[in-house]
Amino acid sequence: MAAAAVAPDMVEEEDGELVRPAPAKGFSDAQLDGGFLSMRDAYDAFDNTDAYYESHGSDYRNPHEAVMSDAIERGLTRLEAAGHIDSCGAELRVLDVAAGSGEATIAMQQWVGRCASRRPPIYAACDPFTFAAYEQRLGSPCHRWSFEDVAGGALDDQEPFDVSIAGFCLHLVDKSYLHTTLSALSRACSILVLASPHKRPHITRADGWTEAFPEFVHERVHLRCYRSLARPAPDGNAVAAAVARAAAARVVHRVAVVRSAASGARRRCRRRPRGR
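Starting from 1, residues in each chain are numbered consecutively following that chain's sequence as written. With pLDDT at 70 or above as the cut-off, local features in this predicted model cover only qualifying residues; side-chain atom pairs require 80 or more to be listed or tallied, and sums for whole chains, interfaces and linings still use all residues. Computation of side-chain values covers all heavy atoms of the structure but excludes hydrogens and water.

Trainee: Now, about the confidence of the model for the protein chain: what can you tell me, with residues and values included?
Mentor: Across the protein chain, pLDDT averages 82, with 73% of residues at or above 70. pLDDT expresses, on a scale from 0 to 100, how confident the predictor is about each individual residue. Contact definition: two residues touch when any of their heavy atoms are within 4.5 Å. The model gives residues 1-32 a pLDDT under 50, and that stretch makes 73 contacts with residues more than four places away or in other chains. Counting contacts from residues 34-39, a segment whose pLDDT is below 50, to residues more than four positions away or on other chains yields 17 contacts.

This is the structure:
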């Protein structure tokens, strides 16, 4: 297997993943479209959150993308290491829910690209307000499904997804149909990766999900991963094989990083002028 060219500034996490440290600390203070300094200010300026996205959907950008993406990547790494997802052995089907301008899709693409052994997934996305921003940025179609559509069965006729990623969106779902939305997602998706600015929403087994591992907080982003109780769970042999593939991929990845760093050092030495 050919070793991928990897930048030498990658560092190894406790779980074995080699990543480039995120430069950002905490949430960004970048201005939003419309001149707002925070999402709360933006929402308060409109009658409701839907009104804000209807007004700014085509040019939307998440100001917290950097830290959210880093948290999502860390969650995916833990899922892979535990055998909950098998990106090295299968072509994953990934659904980006309330996709914004594609922040979660791009995070998944970056994560896959960090290891040559991971297979490129098949992506789908939905957002009734920011679909134009997603399609312009990603060059891929985005369904117009809303949370109400998902709750009403929009995913029932779709081929099941291996992973659904919800970045900074599920805490905005109205409580009146949060349970039906989560239940519908559990029927259509095996794994849910949830990034949130706080602890909401509270998800229980009654919603069709169980925690894959405990919540962790990265730079104020709460990251939780769930396994569906409505989808068939992989058997022990399949999980063990996925864990073994992930472990082997990490070894190959570490070797690639070491070789890349050594090659870079040799090139710098050759360029260095010799002393007289």
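Trainee: Residues and numbers for the environment of Thr 204, please.
Mentor: Within the secondary structure, Thr 204 is located in the loop between β6 (189-196) and β7 (209-218). The class of Thr 204 is partly exposed, set by a relative accessible area of 42%. Residues Thr 204 and Tyr 226 lie 22 residues apart in sequence; the distance between their C-alpha atoms is 9.8 Å. In DSSP terms, a helix is any run of H or I states spanning at least four residues, a strand is any run of E spanning at least two, and both are numbered starting from the N terminus. When a residue's accessible area, from a 1.4 Å probe over protein chains only, is under 20% of the maximum for its type it is buried; when over 50% it is exposed; and in between it is partly exposed.

Trainee: Go over the pairing of strand β4 (residues 122-126), please, and point to the residues and values.
Mentor: We treat two strands as partners when DSSP finds at least two bridges between them. In terms of strand pairing, strand β3 (residues 93-97) meets β4 through five bridges, oriented parallel. When the sheet's bridge partners are listed, Val 94 is paired in β4 with Tyr 123. In this view, the connection linking β3 to its parallel neighbour β4 by way of helix α4 (residues 103-113) has right-handed handedness. Think of it like this: strands point away, you trace from the first strand over the helix to the second, and a clockwise trace means the crossover is right-handed.

Trainee: Any chance you could break down the side chain of Ser 183 for me, citing the residues and the numbers?
Mentor: Relative to the assigned elements, Ser 183 resides in helix α7 (residues 175-188). If we ignore the near neighbours within four places in the chain, the residues touching Ser 183 are Ala 206 and Asp 207.

Trainee: Could you give an account of the sheet that holds β4, naming the residues involved and the relevant values?
Mentor: The strand order β4-β3-β5-β6-β8-β7 describes an open sheet built from six strands, whose pairing is mixed. Looking at strand neighbours, the two that pair on one side only are β4 and β7, the edges of this open sheet. Averaged over all neighbouring strand pairs, the angle between strand axes comes to 15 degrees, with direction disregarded. All axes here are fitted lines through C-alpha atoms, helices being fitted over the stretch that makes contact, and every angle between N-to-C directions spans 0 to 180 degrees. Contacts from α4 reach β3, β4 and β5 (161-167), with the element oriented near 165 degrees to β4.

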